[in-house]
Amino acid sequence: MIDIHTHILPGIDDGAQDEQEAILMARAAVQEGIKAVIATPHHANGRYDNPGHEIQKRTQALNLALSEHRIALEVLPGQEVRIHQGLLEDLEQGKIITLSGSKYLLLELPSGMVPSYTEEMIHELIVLGITPIIAHPERNAELASSPSVLMRLLERGALTQLTSHAVDGRFGRKLQKLCLEWCRQGMVHMISSDAHNINDRPFGLKNAYAAISAHLNDTLAEELKDNTERLISRLEIRTLQPVLLNRKWWKLW
Ligand SMILES: [Fe+2]
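In every chain, residue numbers begin from 1 and rise along the written sequence. Per-residue local features of the predicted model are confined to residues with pLDDT of at least 70, and side-chain atom pairs are confined, for both listing and counting, to 80 or more; whole-chain, interface and lining totals are unaffected and use all residues. Values shown for side chains rest on all heavy atoms present in the structure; no hydrogens or waters enter the calculation.

The name given to the protein in an unreviewed UniProt entry is Tyrosine-protein phosphatase, with Paenibacillus naphthalenovorans as the source organism. UniProt positions are given in the numbering used here, feature names are shortened, and annotations may be inferred rather than shown by experiment. Heading Sequence similarities (unreviewed entry) of the UniProt record for the protein holds this comment: "Belongs to the metallo-dependent hydrolases superfamily. CpsB/CapC family." Word for word, the UniProt comment on the protein under Catalytic activity (unreviewed entry) is "O-phospho-L-tyrosyl-[protein] + H2O = L-tyrosyl-[protein] + phosphate".

What follows is the structure, encoded as structure tokens:
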């Protein structure tokens, strides 16, 4: 498995606090069957600023530490970028980087609402050849209550990434139902952990894919998994077809 959204780089945001904690996270990832993670430290969220060149440097250092500890996990550079008015300029100046050098950018919205300029910014990014992936849309109050708003962002060309613990039910039944409904409607492209540590924000990818298999179907679980592989292989991410209802799905309602 591949995890495209993690806070494993030590000491630069609210994820791993030091190298020791990053090593523990890396061991947990390997144990779960994850072979590569993209490190996506917070950037421009009002609390943390982690420019691209710093992330590249720290990713190299962590990979070195992992090989010294004989941990078979590859860490790739990325960034979780909070949407902001100067995003395009920051991108041009190299402060903003995409996921592992691909054309995909992990874009975070504020938790309460969708800024009025979001659709326009998605459009501008698409024109530049960059596809934004909306990080954990299920955590945005406006998107969670208005599927039509999320649909408009998708129509503009954005993709979505759900959090593993929202999908597997750890964050509550209500959120899980929302995630499964979006999956059923073909509005989801990837699942990743947003792991911050091994205690209260671990990986949980295995459980999330198992939940998709159990409540929807195995094919969708495989397709979602495959999309993360495609991303790091620089292949186009596939848009997934809506899932037909099955008996297990009805049990949720
Ligand atoms: Fe995150």
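Colleague: Hey, could you go over the nonpolar core for me, with residue numbers and the actual values?
Modeller: Side-chain atoms within 4.5 Å link the members of a nonpolar core, which is a set of buried Ala, Val, Leu, Ile, Met, Phe, Trp, Tyr and Cys residues. With a 1.4 Å probe rolled over the protein chains alone, any residue whose accessible area is under 20% of its type maximum counts as buried; one over 50% counts as exposed, and the rest are partly exposed. Ile 8, Leu 73 and Ile 212 are the most contacted members of the largest nonpolar core, which totals 65 residues. Note on contacts: a residue pair qualifies if any of its non-hydrogen atoms lie within 4.5 Å across the two residues. Residues contacting Ile 212, with those up to four places away along its chain left out, are Val 167, Leu 180, Cys 183, Ile 191, Asn 217, Leu 220, Ala 221 and Leu 224. Counting residues in hydrophobic clusters, the runner-up holds 14 residues, among them Leu 99, Ile 133, Met 190 and Ile 237.

Colleague: Please give an account of the environment of Leu 162 that cites residues and values.
Modeller: Numbering of helices and strands runs from the N terminus, with a helix taken as a DSSP run of H or I at least four residues long and a strand as a DSSP run of E at least two residues long. Tracing the backbone through its elements, the reader meets Leu 162 in strand E8 (residues 159-163). Residue class for Leu 162 comes out buried when judged on its relative accessible area of 0%. Residues Leu 162 and Leu 106, 56 residues apart in the sequence, show an inter-C-alpha distance of 12 Å. Contact partners of Leu 162, with chain neighbours within four places excluded, come to Pro 137, Glu 138, Val 167, Cys 179, Trp 182, Cys 183, Val 188, Met 190, Ile 191 and Ser 192.

Colleague: A description of the packing of aromatic side chains should follow, citing residues and the corresponding values.
Modeller: Pairing of aromatic rings covers Phe, Tyr and the six-membered ring of Trp, with a centre-to-centre limit of 6.5 Å; geometry is then stacked below 30 degrees between planes, edge-to-face above 60, and tilted otherwise. This model, assessed by the stated rule, comprises zero aromatic pairs. Charges are assigned to positions over rings by a cutoff of 6 Å between ring centre and Lys NZ or Arg CZ, combined with an angular limit of 35 degrees from the ring normal. The side chain of Lys 225 reaches across the aromatic face of Tyr 209, ending 5.1 Å from its centre.

Colleague: So what's going on with the confidence of the model for the protein? Which residues, and what values?
Modeller: Do not read the predicted coordinates in detail wherever pLDDT is low. Per-chain confidence: the protein averages 94 in pLDDT, with 95% of residues scoring 70 or above. pLDDT measures how confident the predictor is about each residue, on a scale from 0 to 100. For the stretch residues 249-253, pLDDT sits under 50, and the model shows 14 contacts to residues farther than four places along the chain or on other chains.

Colleague: If you had to explain unusual backbone geometry to someone new, which residues and values would you point to?
Modeller: The phi torsion at Arg 70 lies on the positive side, around 55 degrees, for a residue other than glycine. Topologically, Arg 70 is positioned in the loop between helix H2 (52-68) and strand E4 (74-77). We classify Arg 70 as exposed; its relative accessible area is 77%. The residue Asp 194 is not glycine, and still its phi comes out positive at about 55 degrees. Position of Asp 194 relative to the elements: it lies in the loop between strand E9 (190-192) and helix H9 (205-215).

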